[in-house]
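Take a look at the letters that make up each chain.
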There are 2 protein chains.
Amino acid sequence: MSSVLGLCGPAPNPCRNDLSLPGYGLPVTDTATLLKDLHRDLPAGRLVTDPQVMAGLAHDDAEWAPWELPAAVVRAESAREVQLVVGLAIEHRVPVIPRGSGTGLSGGANAVAGSIVIDLSRMNEIKIIDPVERLAVVGPGVINDDLRAACAQQGLWYPPDPASSPWSSIGGNVATNAGGVCCVKYGVTGDYVLELEVVNGRGELVRLGRRTAKGVAGYDLTSLLVGSEGTLGIVTEISVRLRQQRPIEHTVVGYFDSVTDAGVAVTKIAEAGLTPSALELVDRHCLEAVDAWKNMGLSADANVILLGRTDAPGEAGAAEASAMITAFETGGATWSAQTDDQQEGDALFAARRLAYPALERLGPVLTEDICLPLRNVPAMLSRIEQIAVDHDTKIANIAHAGDGNLHPLLITPIGDEQAKIRAQQAFSDIIAGCLELGGTVTGEHGVGLLKLPGLADELSPAVQQMQADVKAALDPYGILNPGKAIV
Amino acid sequence: MSSVLGLCGPAPNPCRNDLSLPGYGLPVTDTATLLKDLHRDLPAGRLVTDPQVMAGLAHDDAEWAPWELPAAVVRAESAREVQLVVGLAIEHRVPVIPRGSGTGLSGGANAVAGSIVIDLSRMNEIKIIDPVERLAVVGPGVINDDLRAACAQQGLWYPPDPASSPWSSIGGNVATNAGGVCCVKYGVTGDYVLELEVVNGRGELVRLGRRTAKGVAGYDLTSLLVGSEGTLGIVTEISVRLRQQRPIEHTVVGYFDSVTDAGVAVTKIAEAGLTPSALELVDRHCLEAVDAWKNMGLSADANVILLGRTDAPGEAGAAEASAMITAFETGGATWSAQTDDQQEGDALFAARRLAYPALERLGPVLTEDICLPLRNVPAMLSRIEQIAVDHDTKIANIAHAGDGNLHPLLITPIGDEQAKIRAQQAFSDIIAGCLELGGTVTGEHGVGLLKLPGLADELSPAVQQMQADVKAALDPYGILNPGKAIV
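Residues numbered from 1 in each chain as written. Chains lettered and ligands numbered in written order. Predicted model: local features only at pLDDT ≥ 70, side-chain atom pairs only at ≥ 80, totals over all residues. Heavy atoms only, no water.

Draft legend 1. Spotlight on the sheet that holds strand β4 (residues 116–119) of chain A. Residues and elements named next belong to chain A. Sheet architecture is open: four strands sit in the order β1-β2-β4-β3, paired in mixed fashion. In the strand order of this sheet, the two ends are held by β1 (47–48) and β3 (96–99), each with one partner. The sheet contact formed by strand β2 (residues 72–75) and β4 spans four bridges and is parallel. For A72, the partnering residue across the bridge sits in β4 and is I116. Lying over the sheet, helix α4 (residues 79–92) contacts β2, β3 and β4, oriented at roughly 170° with respect to β4. (Pairing = 2+ DSSP bridges. Helix = DSSP H or I, 4+ residues; strand = E, 2+ residues; numbered from the N terminus. Contact = heavy atoms within 4.5 Å. Axes fitted to C-alpha atoms, helices over the stretch in contact; angles between N-to-C directions.)

Draft legend 2. Main features of the domain arrangement of chain A. Residues and elements named next belong to chain A. In terms of domains, chain A is made up of domain 1 (1–246 + 447–487) and domain 2 (250–436). Each of domain 1 and domain 2 was reduced to a C-alpha centroid, and the two centroids are 30 Å apart. On the side of domain 2, 26 residues touch domain 1, which itself brings 16 residues to the contact. For the pair domain 1 and domain 2, the summed buried surface comes to about 1700 Å²; carbon and sulfur atoms form 66% of the total. Two residues, D311 and R246, come together in a salt bridge whose shortest N-O distance is 2.8 Å. The interface formed by domain 1 and domain 2 contains five residue pairs in polar contact (both at pLDDT 80 or more). Mapped by element, the contributors of at least two residues to the side of domain 1 that touches domain 2 are α7 (183–186) and α15 (452–458). No other element matches the four residues that α7 contributes to the side of domain 1 that touches domain 2. (Domains from an automatic or database assignment. Buried area = accessible area lost by both parts, 1.4 Å probe. Salt bridge = Lys/Arg side-chain N within 4 Å of Asp/Glu carboxyl O. Polar contact = N/O pair within 3.5 Å; in protein donor to acceptor, adjacent residues only side chain to side chain.)

Draft legend 3. Spotlight on helix α10 (residues 284–294) of chain B. Residues and elements named next belong to chain B. Within α10, the full set of buried residues consists of C286, L287, A289, V290 and D291. On its buried face, α10 sits against β13 (278–282), β14 (304–310), α12 (342–360) and β18 (394–400). Where α10 begins, one side-chain oxygen reaches toward the backbone nitrogen of H285, 3.1 Å away; that side chain belongs to D283. N295 lies just past α10 and shows a positive phi near 55°. (Buried < 20%, exposed > 50% of the residue type's maximum accessible area, 1.4 Å probe, protein only.)

Draft legend 4. Main features of the relation of the copies chain A and chain B. Taken as rigid bodies, chain A and chain B are interconverted by a rotation of 180° and an axial shift of 0.0 Å, the fit giving an RMSD of 0.0 Å. Overall, the copies show the geometry of a two-fold rotation axis. Comparing interface residues between copies, 100% of those in chain A also sit at the interface in chain B, which points to an isologous, same-surface contact. (Least-squares fit on C-alpha atoms with pLDDT ≥ 70 in both.)

Draft legend 5. Structural detail: the pattern of salt bridges. In total, this model carries 62 salt bridges over all chains according to the counting rule given. With a shortest N-O distance of 2.9 Å, K451 of chain A and E368 of chain A are connected by a salt bridge. In this pair, K451 of chain A sits in the loop between α14 (417–436) and α15 while E368 of chain A sits in the loop between β16 (365–367) and β17 (370–371), placing the two residues 83 residues apart along the sequence. Across the pair, exposure class does not vary: K451 of chain A and E368 of chain A are buried alike. Salt-bridge contacts for D311 of chain B lead to K185 of chain B; the nearest nitrogen and oxygen are separated by 2.7 Å. On the criterion of sequence distance, the pair formed by D311 of chain B in the loop between β14 and α11 (314–330) and K185 of chain B in helix α7 (residues 183–186) is long-range, its members being 126 residues apart. Note on D311 of chain B: relative accessible area 3%, which makes it buried.

Draft legend 6. Quick look at the sheet that holds strand β6 (residues 135–138) of chain B. If you trace the five strands from one edge of the open sheet to the other, you get β5-β6-β10-β8-β9 (chain B), paired in antiparallel fashion. With one partner strand each, in any of the chains shown, β5 (126–130) and β9 (205–209) of chain B form the two edges of the open sheet. Between one strand axis and the next, the sheet turns through 15° on average, direction left out of account. Bridge count between strand β8 (residues 193–200) of chain B and strand β10 (residues 233–241) of chain B: seven bridges; the pairing is antiparallel. In the sheet register, L196 of chain B faces β10 of chain B, and the bridge partner there is I238 of chain B. Across the sheet, helix α16 (residues 461–474) of chain A is in contact with β8 and β9 of chain B; its angle to β9 of chain B comes to roughly 65°. Contacting β5, β6 and β10 of chain B, helix α5 (residues 144–152) of chain B runs over the sheet at an angle of about 40° to β5 of chain B.

Draft legend 7. Structural view of unusual backbone geometry. Positioned with a positive phi, D392 of chain A is a non-glycine residue whose angle comes to about 45°. Looking at the element boundaries, D392 of chain A is found in the loop between α13 (377–390) and β18 (394–400). Note on D392 of chain A: relative accessible area 56%, which makes it exposed. The phi dihedral of A485 of chain B is positive, around 75°, even though this residue is not glycine. Mapped onto the fold, A485 of chain B is located in the segment after α16 (461–474). A relative accessible area of 4% places A485 of chain B in the buried class.

The following block contains the structure:
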């Protein structure tokens, strides 16, 4: 159209097509020169080139996502150092791949040959916790639980609580827009990000957003950066909104015969107008794995459990907990109970927390992360059971059921290549089924590498083009974690 | 940099510089041909060319923001019609200016000569209210209060409540990321937008975001579009998140001798760890204007009032109301009271609601919209008093005090040109003072035209360039409301 209409046509985009070429189309620079420049410009103790050390920093926790050894890893200690590395990456035209703790589950932090991995985990200072403005300012390497603990000391609460919270960094949480258990009531990471300090695609250090409670000055580039997996900029400081600490939660538990019954109970909770502060599903495969490991004896009594919480204060909390029990029973619970003892509640939630590591003991776990309309959760859970049969694959289910975010866990015996192929087919079928039922291919883990095919199915070509246009506009040299997050 | 480094340099941006030229650099098309094409392609009853009718649709409510008569106004009735008009705008290279109810306060909907105004107010269908998924799907022309009323019938609540809620449209609220009274606890419009149907800068009809509770598939273009004032796309359908209706609020009121005392009380509320569901400030000028109009007798007893609310359930609400009273008294309240009678509370809040129309009876009102860290609210309120003296300008204050969002209202006698010049100087001084105190030049009204100079002072050149790059990427023909929202 631009050639016909002249004046103001679409800007040519020299980067876009390159992204799909092998090695992402970036020329393989002379690695020796790159390393020499990095060594010249960085303080001592930052540069890692030992292949064995690099191997541990060249990928995240995504099962089966490809990765290669980078040219170097830089353990950055300041925004200035990040800026310096990005400057060299622009000069040498090599990809930079930012990483935090590497707990991602989609391959978003996986390196390619010739690239520079920027490890931000040393930038772990909690700079400000301000009870009046109710905000915190942290380095990207601060561990989620560390921030939460520091806030708690001042009566404050940073809600986003991914299952990885003991290990994952706030920078990584921002890069993937991480969710968690309390998101069903309190939203995801992006809902708490006020301001970002970022090294952008031109190597400039910029501040996006603001620390005031509200503000609409200019486009919301802060939200655009959240969840962009380091493909639009590298976050070097984060200001997050905090909440006041909340009352002790009431915990409810329901046992169900089937995942479908449990799914129906979830919709009953929504229909009853309840707003739980957590609503988690754990299926038989998970319960058995936890029992095999920790001998909790759960799978003797339940096929599926739903764990709910409410943090409404005082008698409102007790009333909401009772109403949740009623919804469980309407949905077909075989047994249910509630407690306002936090420790007792935490013990019940331990089954949820332990499910993933318990399953990992059985073999490689490929974690799905689909999110559906609540009404379609029972149908999707049924489909997953059928897909497991169809492809002779063990599929366990944990789910943030209250917001329709399911995590089917595909487990394959170690070294069984045929099982792996069957699991990959099951993975594709789950994504296809989710899209048919009005869902999205990733609720909270991000696109990374694993969800690129699903993303291509979910988004229209016109929207894919808009995403690519934004990427080209903000990463003009095509060096920011190319090949991830968008198709 | 691109010319030196070659391969993958920044894309040239043919549109950017044009935006600052008179008439925004778009060639004046042959208006007769444009009108002929619009007439040919649109159904009967859509096209308005009568200058008198167009004059009422060529601007919003921003005092002193410039506007011109457009070539035509189209009263669109469907996304297809919007798409058709954008297609012709691309073909003829004329600006399109979307508008809802025209209640904006920054000039974001103001027309330029030769442009097409797209009036979306007829697209006012409430398509879905879904109590299970807790979402609504509406046309952009749906009036805020109409959506709220329809939700209430099903026990649901759409929180964003700008003062314009009886007249403003959801589309306009999205375009400006409108705030309101309950934002202090419940966030702004953008926090509720799930999915947008948009005609983009290439004239394509696209869906951005999703209707599931969570989702991170691709860049968050939804949040990018929110608050972009029609400069990145024209919204033709909106899916919003809803909440369950909340308990009856407790209302508290405090009288203060000075705005500074009231400002201190606001910080005391924050220090006490309280989370009011509303915290509004109304100053002496407003109280006198309301008394002069409605004879409420407020200004006899108070110089400044703070109005607070809490919607915590049951005894927690009563306790929070009492704690707010304590904070008022610590801050220097001369009198305070609380009520859990909703009607009595509403009567108190009437003073807040009536302040703006009461002041408008005195002359043209230029509305400021700054947002500051809470800690700096007292200092800013003092500065505003001094600025009023310095420039011999009457400045009234209403404020969403709980989130630091102040609305100084600059009032000039009708027809007094000298007073207008002094008021404009006061306006500039307020913006400068706000930036010095760590604030932003617009908390919730948007940049439009009035805040373009302030925006240039607030954002760094590098961030301004990023904004311009995004604009060029998504509006390649430079036709989407050019000259607004970004510098």
